[in-house]
Structures are given as structure tokens and as C-alpha cells.
Amino acid sequence: MKKTLALVLVLIMMLSLVACGGGGDTEAKDRLAQIQEKGYIEMATEPYFAPYEFIDPSLEGDAQYVGADIELAKYIAEKIGVELKIVPLEYSAVLTGITEGKYDLAISAIAYSPAREEAMNLSDGYYFGGEEESDGYGWICRAEDVDKYPTIESLADAIVITQSGSVQEAIMNEQVTEAKEYKLIATMTDAYLAVAEGIADVCICDRGSAEIYAQANGGLAVTDYVFEVDPLMNSVVCAMPYNDTETLEAVVNEAIAELIAEGQIDAWFNEYEDYAKSLGL
């Protein structure tokens, strides 16, 4: 009887281990099937980074979220055959939510980085900076200070700010070795405002997006300095929970390839640059 009970217990434990391992694996590999079953895809984004994603205050609900990234998300949802549900979050919460598997997809001007690749699945790049003179990472300051901060060394007397959780934060930590003070803030728009209001002196930023903001709002200027970074960090990608490579990532990459071939993503960026300027963003 004791031997029989022991054997039964061993079998139960083995079945439990198989069930646990198989269940987790199935959950990871079948996310696309889960999306199709529930009829919608949840996309996390931080909607304060024109022209990628921003808010049109004249609209309501999900319609208020506009931008090139939003169009990409709509295309992916349509390709899968489901509705798109937009989850607006702070940027750090976007990344944490994807890492923890809370959301199906994140499209939020997410730049590639090796650290992110270790924590989540990243799509192929759909937008590539560094190709135009205005591209790349640098900093924005008050217009009257544009000649005051021409080099990294000149930032030694500056209060430097950037968005928490961003690639710009990593660049600041790695390359701005000396500053009067370092600050982090939830959104890049708030970082620009901090510089405009004298709370900070320079903001480490994406130069192209910062230029749009400066032109629309006045009083700020993007300096000529461009940080040297891994070229891959100039690519913008979609993020998905880890281990979804066999399903959702394949569909997302297929959608990106189609849109790039059609020139549609560049067209969206041009369209939403004008849109954002019309709103004063």
C-alpha cells in the first residue's frame, strides 16, 4: 500500500511539473491565438511624443490618440483581424508592462537597446534615425543658451534632464559624465517644459522630435551636438512580451515589412509632423 501511494504521489508530482511547464510555454507561444480569441489587442503607449504618438484634445476616447505609431498599431490590429485597445501609460510603465506580460504590444517610439532585447521581444526596426542632419540624440536648451552648451564638457555647469526609462537616460548616464545636477521626469514633453521654465538647462533628447517641439513652441533650440551611439539605437521598434517569437512577432514584422515597402511609415511621419505642429506640440 505504501509503495502504491508513493508511486501515485510521484506520478502526481510529474504531471504537475509537466502541466506547469507546458502551461507557461503555451501561454507564451499562443499569445496571438489569445488575441484572436478575445477579439482585441492591447497596445501600451505613452502618448506625449509627437509625431510618434500624441493627443488631439478635440477628440475623445481612443480617437484622441493619434500619430505615426498609432497608425502602425491600427494596421497590425487590422492585419490580425481584431480591434485595437490603446492603454495610455507613463513610459516606464509601458516598458514594465510589456516585460511583465500585462499587455500584448507596446508601440511608443521605443528605441532599440541591448538591455531591452534581453527583457522583451523586439520587432524589426520600422523607423531609422541618424540619416538626416536633424536626426540622432543630442540636447535641447533655451534659445539664448544655444552657444553656451556646444559640447559634453560644457554641460558640467548645467542641470541636465531627460525622460525616466528612456534610451536618452542611458545615454545621459553613460556619456554625460559631469553635470551640475541630473534630473529625471516622466514624459519628454515635461522635460522640454522644465528647460523652458528654467527648472533645467538642457534636455537629452531625440533631436528630430525636439526640433518639432521647438518650432511649434518657440524659446528653445536644439544644439548641433550629436551623441555617438550604436547605429542600432537609432532604430525604433515594437516591443512584445518575451518568447512570443513564433506568433505575434512574426505578424508584426510582416506588417512592418509591408508598410516600409509601400513607403507608408515615412508618409505617416510626414503627415503627423504637420498635425502635431498644427496643435502646437
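Residues numbered from 1 in each chain as written. Predicted model: local features only at pLDDT ≥ 70, side-chain atom pairs only at ≥ 80, totals over all residues. Heavy atoms only, no water.

Moving on to the overall build of the protein chain. Each helix and strand in the protein chain was counted, giving 10 helices and 13 strands. Counting over 281 residues, the protein chain shows a buried share of 48%. Sequence-distant contacts, at least 24 apart, represent 72% of the contacts inside the protein chain between residues at least 6 apart. Surface exposure of the protein chain reaches about 13,600 Å², of which carbon and sulfur atoms provide 52%. (Helix = DSSP H or I, 4+ residues; strand = E, 2+ residues; numbered from the N terminus. Buried < 20%, exposed > 50% of the residue type's maximum accessible area, 1.4 Å probe, protein only. Contact = heavy atoms within 4.5 Å. Areas by Shrake-Rupley, 256 points an atom, 1.4 Å probe, with all protein chains shown as cover.)

With that out of the way, let us pick up helix 3 (residues 68-80). For helix 3, spanning 13 residues, the distance from its first C-alpha to its last is 19 Å, which sits close to the expected 18 Å at 1.5 Å a residue. Three or more residues of helix 3 are buried, namely Ala68, Asp69, Ile70, Glu71, Leu72, Ala73, Ile76, Ala77 and Ile80. (Expected span 1.5 Å × (residues − 1).)

Attention now moves to unusual backbone geometry. Following Ala50, the chain continues to Pro51 via a peptide bond in cis, the omega torsion being 5°. One can find Pro51 in the loop between strand 1 (40-45) and strand 2 (54-55). One non-glycine residue, Ala109, adopts positive backbone phi at about 50°. With respect to the helices and strands, the residue Ala109 is situated in strand 5 (residues 105-111).

We now examine the packing of helix 7 (residues 188-196) against helix 8 (residues 207-217). Running from N to C, helix 7 and helix 8 point in directions that differ by 55°, and their axes come no closer than 11 Å. In terms of orientation, helix 7 lies oblique with respect to helix 8. Where helix 7 crosses over helix 8, the two elements pack in a sense that is right-handed. Residues Thr189, Tyr192 and Leu193 of helix 7 form the contact with helix 8, whose participating residues are Ser209, Ala210 and Tyr213. Looking at side-chain class alone, the contact of helix 7 with helix 8 contains 4 nonpolar, 2 polar and no charged residues. (Axes fitted to C-alpha atoms, helices over the stretch in contact; angles between N-to-C directions. Parallel < 35°, antiparallel > 145°, perpendicular 65-115°, else oblique. Left-handed = near helix turned anticlockwise from the far one by under 90°. Nonpolar A, V, L, I, M, F, W, Y, C, P; charged D, E, K, R; others polar.)

With that settled, consider the pattern of salt bridges. Summed over all chains, the structure comprises 8 salt bridges. Put simply, Arg142 and Asp201 hold a salt bridge, and the shortest N to O gap is 2.8 Å. One end of the pair, Arg142, is in strand 8 (residues 137-142); the other, Asp201, is in the loop between helix 7 and strand 11 (202-206), with 59 residues separating them in the sequence. Each member of the pair, Arg142 together with Asp201, is buried. (Salt bridge = Lys/Arg side-chain N within 4 Å of Asp/Glu carboxyl O.)

Next up on the list: the environment of Ala214. Topologically, Ala214 is positioned in helix 8. Owing to a relative accessible area of 8%, Ala214 belongs among the buried residues under this scheme. Sequence-wise, Ala214 and Ala196 are 18 residues apart; in three dimensions their C-alpha atoms are separated by 9.9 Å. Once residues within four sequence positions are removed from consideration, Ala214 is found in contact with Ile140 and Leu220.

This part takes up the pairing of strand 11. When you tally the buried positions in strand 11, you get 5 out of 5 residues, the bulk of the element. Sheet analysis places strand 9 (residues 159-163) next to strand 11, joined by 2 bridges and oriented parallel. What sits directly across from Val160, in strand 11, is Val202. (Pairing = 2+ DSSP bridges.)

With that settled, the discussion passes to the sheet that holds strand 10 (residues 181-185). Reading across the sheet, the 5 strands line up as 10-9-11-8-12 and stay open at both edges, with mixed pairing between neighbours. Of all strands in the sheet, those with a lone pairing partner are strand 10 and strand 12 (220-222), marking the two edges. Taking each pair of neighbouring strands and ignoring which way they run, the sheet shows an average axis angle of 30°. As judged from the 3 bridges shared by strand 8 and strand 12, these two strands associate in the antiparallel manner. Note that in strand 12 the partner of Ile140 across the bridge is Val222. Sheet strands touched by helix 7: strand 8, strand 9, strand 10, strand 11 and strand 12. Its angle to strand 11, the strand with the most contacts, is close to 150°.

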